[in-house]
Amino acid sequence: MLKKSGHGIMRKKICLLLAICWMAVIFAFSARNADLSTQDSMSIGILFGRLIVPSFADLDSQMQASFADMVDHPIRKMAHMTEYAVLGFLLTGSYVDQERKRLYRFLVPAVFGSLYAVSDELHQLFVPGRSCELKDMLIDSCGVVIGTLAGLFIFIYWQSRKERSL
């Protein structure tokens, strides 16, 4: 069980502040128009190619761009899931403590993070060239759930270790 302590209250405040900042980062990425978002993805695809494809630098620019285009979709979806896993982790850190019922320790951060994912996709309806996609809402929500579960495991494990050492 998680005990309420000065460290726990401080952790919750820090995680809440970081979660709010992270939501602003997510919002900023979503506010970028389609052309800028595509440029970001392509540059990440090129970087990915340099890291994993032997002799990638020897390929001509058209082949490099073709590779970046080929890996663009999975990279974007992994980025979506990862950014929301971070959010789920931070929301969990800002919420979880001994006072909460076990189910609520999971549900509150997971639902709140998933609602933010939905609102973020709806926000993209108003960004030139962007769209609102159910698939992205589901991917983002899966990321939130993964981050929430990781947060629960880490924060509960951390607290149990502290209790055992007392």
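Anyway, here's the lowdown on the structure attached to this text. (Residues numbered from 1 in each chain as written. Predicted model: local features only at pLDDT ≥ 70, side-chain atom pairs only at ≥ 80, totals over all residues. Heavy atoms only, no water.)

1. Concerning the pattern of salt bridges
Our working definition: The term salt bridge refers to a pairing of a side-chain nitrogen on Lys or Arg with a carboxyl oxygen on Asp or Glu at a separation within 4 Å. Note on classification: 1.4 Å probe, protein chains only; a residue is buried when its accessible area is under 20% of the maximum for its type, exposed when over 50%, partly exposed between these limits.
Inspection of every chain in the model, using the stated rule, returns three salt bridges. Of the charged contacts, one joins Arg-32 and Asp-40 as a salt bridge, the two residues approaching to 2.9 Å between their closest N and O atoms. Classification of Asp-40 by relative accessible area gives partly exposed; the value is 26%.

2. Comments concerning the environment of Ala-79
The condition is simple: The helix count covers DSSP runs of H or I at least four residues long, the strand count covers runs of E at least two residues long, and both are numbered beginning at the N terminus.
As for its position among the elements, Ala-79 is in helix α3 (residues 61-95). For the pair Ala-79 and Tyr-95, spaced 16 residues apart in sequence, the C-alpha separation works out to 24 Å.

3. As for the packing of aromatic side chains
Going by this rule: Each Phe, Tyr or Trp ring, with Trp reduced to its six-membered ring, pairs with another whose centre is within 6.5 Å; inter-plane angles below 30 degrees give stacked pairs, above 60 give edge-to-face pairs, and intermediate values give tilted ones.
Tallying each qualifying case throughout the model produces three aromatic pairs. Centroid distance Phe-48 to Phe-67: 6.4 Å. Interplanar angle 15 degrees. Geometry classified as stacked. Remark: Phe-67 occurs in helix α3 and Phe-48 occurs in helix α2 (residues 34-52); sequence separation between them is 19 residues. Residue class for Phe-67 comes out buried when judged on its relative accessible area of 15%. Seen from their ring centres, Phe-56 and Phe-67 are 5.5 Å apart, and the 65 degrees between their planes marks the pair as edge-to-face. With a gap of 11 residues between them, Phe-56 in the loop between α2 and α3 and Phe-67 in helix α3 connect regions that are remote in the sequence.

Interpretation in functional terms is not warranted from these geometric data alone.
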